[in-house]
Every structure is written in structure tokens, then in C-alpha cells.
Amino acid sequence: MVARHHPDHPAMRQNTASTGARPVTLWLHKRRMVLATCLGWMALFPAPSSHAQGPAYRDHLAGVGPQDPRQKVDTRQMPWAAIGRVQTELGSRCTGFLLSPVVVQTAAHCLWLSATHRFVQPESVHFLLAYSGGHYSAHARVTHFVIPPGYTTAQESQMAGLDHATLILDSPVAKPDAVFHVTATPQDVTPGTPVSLGGYEQNQPDIITADTHCHLTGTTQDGQGNLLLAHDCAGTHGSSGAPLLRQNADGWQVIGVQVLARTAGAGGDAVPLLATKTP
């Protein structure tokens, strides 16, 4: 079961990209999930003195659980330096991350306007790299974006595997070695694999908070059979579009895009970003 925000709320959800790669193990599970959505944002570039920190604690944060392991991370260091805030001129925001100096991955529902039942205009979308407390390392405007044909927020439980968007920026915001690369294979995403998840979450929306000690728990599917990666990372509203990360001897790999959070307890689902063969 998926819980939804009021249709007039400017909040956004996170995306799930189906890669077509088949994992070695497929664990189907039925859990009540909520979209890892984020709250509306009324100031596009808030000053440091007025940034909203949000409540430090809520009685219930979907996807977090009673013991909150999330910690503030240093956006000057990888992997967090390649993550930024995706926000529109109407005040909505989500998490996104770099796949190249001019390419950002986020959730398609982050770009949806419920009032008009249309996606926003690309030029109204901004990316603030390594945003933290009113500061950011780089800013660029989106020129266009690509969303899978047929995706609609009205059927998220059926189409979560299509809930992803690739944003093209009007200028580079990072060096080529300061981005994520899709190099993990299906064999790398077995249950028990250590992973990390961090983004701009509802109770700390001006900084990246991350759970760096969590694991993959298996895989699941949306209603159309698109693959999703299940994990036990703490992440609530606002983590939508955040990268699910794996670290190996070569550095950090992105293996998925956060899209759904559990209604009770820590964990959620991410859209897999996997290479079909070892590079």
C-alpha cells in the first residue's frame, strides 16, 4: 500500500530506473510503502541565516524507525560532494546526484505538478551541488530531462520502476572524477551487501544526513514487474532521488535511486542502476 500526499501539495517523490539486468536472486516481498517524497520549498536559494532546519525529531518518520542512525555528513568529501538538491522555481525540492559533470539523476515524480497534471518546464529546474546550510559548490539550470514513456504518478505502485528522470544541465558543475559511475553488476547486489544512503530529508532539509551502516535485503518488483532493490537504510521524505551507494576497493559506486520508504521501521526500495557487464 502506498500513501500519497494531498494532490495540491508541491512535494515530490523519488525515482526508480529499470535497467533490464536480472539479479541472481529475486526476493518478492509485500510491505506497505510510502513514496520517499519531500516537502515543498518556498525559497529557491535561502540565505544561511534563514535556512529551515526542521524539527530534530518527529514521533513518526517513515523509513527511519525508532533508532535513528542518520548523521550529518561532509559535503566537501566524496561521495557526498557528488550529491545535490534538485528544486523548482515553484518551491519543490528533491535529492539528485551526478552521473557526469552535466548529467543528474533524480526521481520523475519530483518534476510532476499535481495541480496541472503535467511535468514542470525543464528551465524551471535547478541543481545545487553539495548544498549545505545555504551554501553550495556549484549551480546549474536544467535544459531538458528524459523520463520513461508512459510513467505517471497516478499509478506509482504499478510503475515505481519507471519513476526516474535524467536531467541535462546547462553547464558542468564538477570535474569528471567527482561524479558517480554505473559500474556495479547484478552479481554485486546480493542480500547483505553493505550500502549507504543520504539525502536532504524532511527533518533536516538543508543538510545531507546519511545512514552509512545499512545493507541490501533483497529485491522486489513493482506491479509491472520492474525491479527494485530492497534495503534497510534509514531514509524518510526528502531522500527521494538519493543514490544508494556501495563502496569497494575502487571507490564509491551508485547502485540505485531511492524511491520508496517503509511506513514502519527503517528501510525502503531503490531503482537499480546496474551495468550489464563488467567494464
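Going by the structure above, here's the rest.
Conventions adopted
Residues numbered from 1 in each chain as written. Predicted model: local features only at pLDDT ≥ 70, side-chain atom pairs only at ≥ 80, totals over all residues. Heavy atoms only, no water. Salt bridge = Lys/Arg side-chain N within 4 Å of Asp/Glu carboxyl O. Helix = DSSP H or I, 4+ residues; strand = E, 2+ residues; numbered from the N terminus. Buried < 20%, exposed > 50% of the residue type's maximum accessible area, 1.4 Å probe, protein only. Pairing = 2+ DSSP bridges. Axes fitted to C-alpha atoms, helices over the stretch in contact; angles between N-to-C directions. Core = buried A, V, L, I, M, F, W, Y, C linked by side-chain atoms within 4.5 Å. Polar contact = N/O pair within 3.5 Å; in protein donor to acceptor, adjacent residues only side chain to side chain.

Some words on the pattern of salt bridges
In the structure shown here, the tally under the stated rule is 6 salt bridges. Between Glu-201 and Arg-70 there is a salt bridge, and its shortest N-O distance comes to 2.8 Å. With a gap of 131 residues between them, Glu-201 in strand β12 (residues 194-201) and Arg-70 in the loop between β2 (33-35) and β3 (71-72) connect regions that are remote in the sequence. The class of Arg-70 is buried, set by a relative accessible area of 9%. Here Asp-188 and Arg-246 are joined by a salt bridge, their closest N and O atoms 3.8 Å apart. Separated by 58 residues along the polypeptide, Asp-188 in the loop between β11 (165-169) and β12 and Arg-246 in strand β15 (residues 243-248) bring together distant segments of the chain. Linked through salt bridges whose partners overlap, the residues forming this network are Asp-68, Arg-70 and Glu-201.

Quick word on the sheet that holds strand β10 (residues 138-146)
Read around the closed barrel, the 6 strands follow the order β4-β5-β6-β11-β10-β9; overall the barrel is antiparallel. Shown here is a sheet whose adjacent strand axes are inclined to one another by a mean of 40°, direction ignored. When strand β4 (residues 83-88) meets strand β9 (residues 125-129), the two strands line up antiparallel, connected through 5 bridges. Note on β9: the bridge partner recorded for Val-86 is Phe-127.

Things to note about the nonpolar core
Core analysis: the biggest nonpolar cluster contains 24 residues, and Leu-98, Leu-111, Phe-127, Leu-129, Leu-167, Leu-169 and Val-173 have the highest contact counts within it. It is β10 that provides the largest number of residues to this core, a total of 4 residues.

Section: unusual backbone geometry
The omega torsion of the bond from Met-78 to Pro-79 falls at 10°, within 30 degrees of zero and hence cis. Turning to its location among the elements, Pro-79 is positioned in the loop between β3 and β4. Unusually for a residue other than glycine, His-117 sits at a positive phi of about 55°. With respect to the helices and strands, His-117 occurs in the loop between β7 (112-113) and β8 (118-119). By relative accessible area, which is 57% here, His-117 ends up exposed. The residue Ala-130 is not glycine, and still its phi comes out positive at about 55°. Relative to the helices and strands, Ala-130 is located in the loop between β9 and β10.

Considerations on the side chain of Asp-163
Residue placement: Asp-163 occurs in the loop between α1 (156-159) and β11. At a separation of 3.3 Å, a polar atom in the side chain of Asp-163 contacts the side chain of Tyr-151.

In short, shape yes, function no, at least from these values alone.
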